[in-house]
Amino acid sequence: MMKRVLTTCPYCGVGCNFYLDVRDSRIVGIIPSKSNSVSQGRLCVKGWHAHEPIQHPDRLKKPLIKENGKFKEVSWDFALDYVAGRLKEIKDKYGPDSLAVCTSARCTNEENFLMMKFARAVLGTNNVDHCARTCHSATVSGLNQSFGSGASTNSYDELPFMDCILIIGSNPTEAHPIAGWRVRTAIDNGAKIIVCDPRKILPAEDASVFIQQFPGSDIALINAMINYIVTENLHDKEFIQQRTEGFNELWEAVKDCSPESVKDITGVEPALIKKAAQLYAVSKKACIMYSLGMTEHTVGTDNVIAMANLAMVCGQVGKEFSGIYPMRGQNNVQGACDIGALPNVYSGYQPVTDETARKKFEKAWGVSLPKEKGLTLTDMMYKAIEGKLKCFYIIGEDQIRTDPNSHWIEKALDSLEFLVVQEIFMSDTAKKADVVLPGASFAEKEGTFTCAERRFQRVRKAIEPIAGKTDGEIICEIAKRLGYAMEDNPSKVCDEMASLTPLFSGVSFDRLEDNGLQWPVHSKEHPGTPVVHLEKFIRGLGKLIPVKHKPPAEIPDGEYPFILTTGRMLFHYNTGTMTRRTANLNREYPRNFVQINSTDAQRLGIKNKLRVRVKTRRGELEVSAEVTDKIKAGVIWMPFHFSEAPTNVLTNNAFDPVCRIGEYKACAARVEKVNS
Ligand SMILES: Nc1nc2c(c(=O)[nH]1)N[C@H]1C(S)=C(S)[C@@H](COP(=O)(O)OP(=O)(O)OC[C@H]3O[C@@H](n4cnc5c(=O)[nH]c(N)nc54)[C@H](O)[C@@H]3O)O[C@H]1N2
Ligand SMILES: Nc1nc2c(c(=O)[nH]1)N[C@H]1C(S)=C(S)[C@@H](COP(=O)(O)OP(=O)(O)OC[C@H]3O[C@@H](n4cnc5c(=O)[nH]c(N)nc54)[C@H](O)[C@@H]3O)O[C@H]1N2
Ligand code: SF4
Ligand SMILES: [Mo]
């Protein structure tokens, strides 16, 4: 039997669509969708190979329970009874807030909704969070303060028509390739590109201005741009007057921040900052694309606010062909936030502390709900170490490999009384669990993902769940054993989400058949919203908020003289549980490495491809060196996709005080030659 099933890519937040080619219950290939508005017949190399890991022999197929340190296969009934029993026991003994859940941005909206409902209505806690904490939580907290909404303001299809694209802390060619293709088209159409990145990423080759600043100096850089723009009278006075508040306070904070004054902090020539500022300010159609280079800092929230200030001062937001594109990472991280897999909000960002919102959910779910905000993922780890958090139920996230400072995370997980991990592969975090429940991949379920341009798109089932159940069904079965019935049909869960969420009350499966829908979707007739903040910002007036440069939590010194920054590469995806099991992808980059500038390498006697030791105050690793001029002198860079040489033993678990994101993008490190 042959069939082709249209679905959405399980990797990055761009949201490309393709057909899974199924023959006799085996998925044998991928065919891009030409009619999908996001991908328009294109896919990147990961998308083209997305079918390979699905039926890999390493897939988890049976529930596992640990006995005397070893996993034993058990039946579904046994495992689910056991999990439900332990959850109840811990809740009765220590209270509901001794439990926490982590949902998965790799799973569907419907599964995330079920999991946040499970935490709140069944366990009775708001302790629910997911990997957005490590990723774009600064976007949500920053843009929310500036605009009243933390999502992308505009759509991908505007990118090719921009006159100017400011790319800062984002590597679209590798991390969001089909958005990167639109940037390429813009360049071909004559757009001017400004790249601000400690590394010479591909778009920098074609940039009109390439600014290679030190990691962690972005507020100084942006404030200097604003200073120059206002000093040269290039700001949009009408926009500032009519659409924003707080200009005087902002000016007070940036008036002494000239491009010359920030040279030592940023390591950038003032003339380059001026050129970039002028280009962005005077271009008719200009936008900002940013990502983790801005968010993963102890000043992540302030970094995002600084960018929003820049856009508003120049009037480059609130209209078509402008705006701010936070390049959301995971396939469904936008959605996991939107449906309320966060400790402070229900779906559609309705605060749990808002009496009216809470009453609405209590009525719909027939239970009383917790009134206080729950713990962020970051704080769950602290509470585990303090002995206050006893139990953690994690779906599709590998904290040991992906949270900063792995040794500390291991200590936190070891402090728990009970850890459940629902996974498709035996991740390092799953190895620590008391119970491992085998989940189902994107190809085994119905549902929706929401991509980085706020677009709901369908995910469709091509084969039966390999381990017998979808992630959503597993949650519902545990809920049932705890005495609470939840609807598990994905289309009906979507309807329930819509009925409780004004932001996307018009969304239902039947309306997503063609190209999905971009929220806000206020009613069944509403066509969706490609550009937000058009006449006014969601919060009313846009808020200009003064922010000032603060150095990263750890700065270089004699012992640790380099700034280590980390990130991703085209061929691998996060922990690599899937891309490392994809032959053609793993062939390209089978092992970890560190990029180091050639002058630094020469000084230390380090040669290309030879082994070096990278050390920080938290750990050390041996990897090979990639000697290159693409990285700024004084800075080193590592990817984090390799569990055999796990980069996060090095990174710093210092956090942004507002959004609690970790500082993956700047810590102090040393590099030594390994004599062998
Ligand atoms: N191929 C691939 N694609 C992915 C992923 C993947 O693992 N692999 N992961 C997905 C996920 S979860 C996410 S969140 C996105 C992330 O997408 P991106 O944020 O674009 O990816 P990163 O490589 O983490 O970082 C982007 C850039 O920030 C720069 N940078 C480092 N420090 C600083 C700094 O202090 N300031 C500035 N301005 N720039 C800095 C880096 O040099 C890098 O070029 O990608 C998604 N797409
Ligand atoms: N050093 C460093 N570390 C970082 C970052 C960085 O820039 N530098 N970036 C951070 C960012 S932005 C992110 S988003 C995190 C990502 O961190 P994670 O979310 O931990 O990484 P992933 O590899 O995307 O996948 C999580 C797990 O989900 C499983 N999975 C996939 N699909 C499904 C499914 O359908 N069901 C179930 N049950 N499981 C599934 C995979 O097997 C994998 O083990 O990493 C963070 N860590
Ligand atoms: S760009 Fe992102 S969504 Fe598109 S095929 Fe590549 S990984 Fe998948
Ligand atoms: Mo991410």
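So, how was this worked out
Residues numbered from 1 in each chain as written. Chains lettered and ligands numbered in written order. Predicted model: local features only at pLDDT ≥ 70, side-chain atom pairs only at ≥ 80, totals over all residues. Heavy atoms only, no water. Domains from an automatic or database assignment. Contact = heavy atoms within 4.5 Å. Buried area = accessible area lost by both parts, 1.4 Å probe. Salt bridge = Lys/Arg side-chain N within 4 Å of Asp/Glu carboxyl O. Polar contact = N/O pair within 3.5 Å; in protein donor to acceptor, adjacent residues only side chain to side chain. Pairing = 2+ DSSP bridges. Helix = DSSP H or I, 4+ residues; strand = E, 2+ residues; numbered from the N terminus. Near = heavy atom within 4 Å. Areas by Shrake-Rupley, 256 points an atom, 1.4 Å probe, with all protein chains shown as cover. Nonpolar A, V, L, I, M, F, W, Y, C, P; charged D, E, K, R; others polar.

Engineer: Honestly, the domain arrangement of the protein in this entry has me stumped. Any pointers?
Structural biologist: When the parts come together, some accessible area is lost, and that loss is often what is quoted as the size of the interface. Each domain of the protein was delimited in the assignment, giving domain 1 (2-55), domain 2 (64-130 + 332-518), domain 3 (137-327) and domain 4 (562-673). Taking only C-alpha atoms into account, the centre of domain 1 sits 30 Å from that of domain 4. If you look at the interface, domain 1 gives 8 residues, while domain 4 gives 11 residues. Roughly 900 Å² is buried in total at the junction of domain 1 and domain 4, and carbon and sulfur atoms are behind 71% of that figure. The tally of links between domain 1 and domain 4 comes to 0 salt bridges. On the surface where domain 1 and domain 4 come into contact, there are 4 residue pairs in polar contact (both at pLDDT 80 or more).

Engineer: What is the right way to look at the pairing of strand E4 (residues 64-67) in this model?
Structural biologist: On any regular strand, side chains alternate: one points to one face of the sheet, the next to the other face. With 4 bridges connecting them, E4 and strand E5 (residues 70-73) associate as antiparallel partners. Bridged to glutamate 67 within E5 is lysine 70. Between E4 and E5, which pair antiparallel and follow one another directly, the connecting turn spans 2 residues, one of which, asparagine 68, has a positive phi of 50 degrees. Bridging between E4 and strand E16 (residues 435-438) involves 2 bridges; their strand directions are antiparallel. Following the sheet pairing, leucine 64 is matched in E16 by valine 436.

Engineer: Is there a simple way to think about the site of ligand 1 in this case?
Structural biologist: Neighbouring ligand 1 are 36 residues; Ala175, Asp197, Arg568, His572 and Asn574 lie closest to it. For ligand 1, an oxygen atom lies 2.6 Å from a polar atom in the side chain of aspartate 197. In the environment of ligand 1, an oxygen atom lies 2.9 Å from a nitrogen or oxygen atom belonging to the backbone of leucine 292. When ligand 1 is considered free in solution it has 920 Å² of accessible area, and contact with the protein chains removes 99% of it. Elements represented by at least two residues in the shell around ligand 1 include exactly helix H5 (172-175), helix H12 (292-295) and strand E21 (562-567). Ranked by the residues each element gives to the shell around ligand 1, the list is headed by H12, at 3 residues. Tallied by class, residues from the shell around ligand 1 come to 13 nonpolar, 16 polar and 7 charged. For the shell around ligand 1, the domains that each give at least three residues are domain 3 (137-327) and domain 4 (562-673).

Engineer: Can you walk me through the site of ligand 3 in this structure?
Structural biologist: Taken together, Cys9, Tyr11, Cys12, Gly15, Cys16, Leu43, Cys44, Lys46, Gly47, Pro177 and Ile178 make up the full set of residues adjacent to ligand 3. Those elements that provide at least two residues to the shell around ligand 3 are helix H1 (45-48) and helix H6 (177-188). In terms of residue class, the shell around ligand 3 is built from 8 nonpolar, 2 polar and 1 charged.

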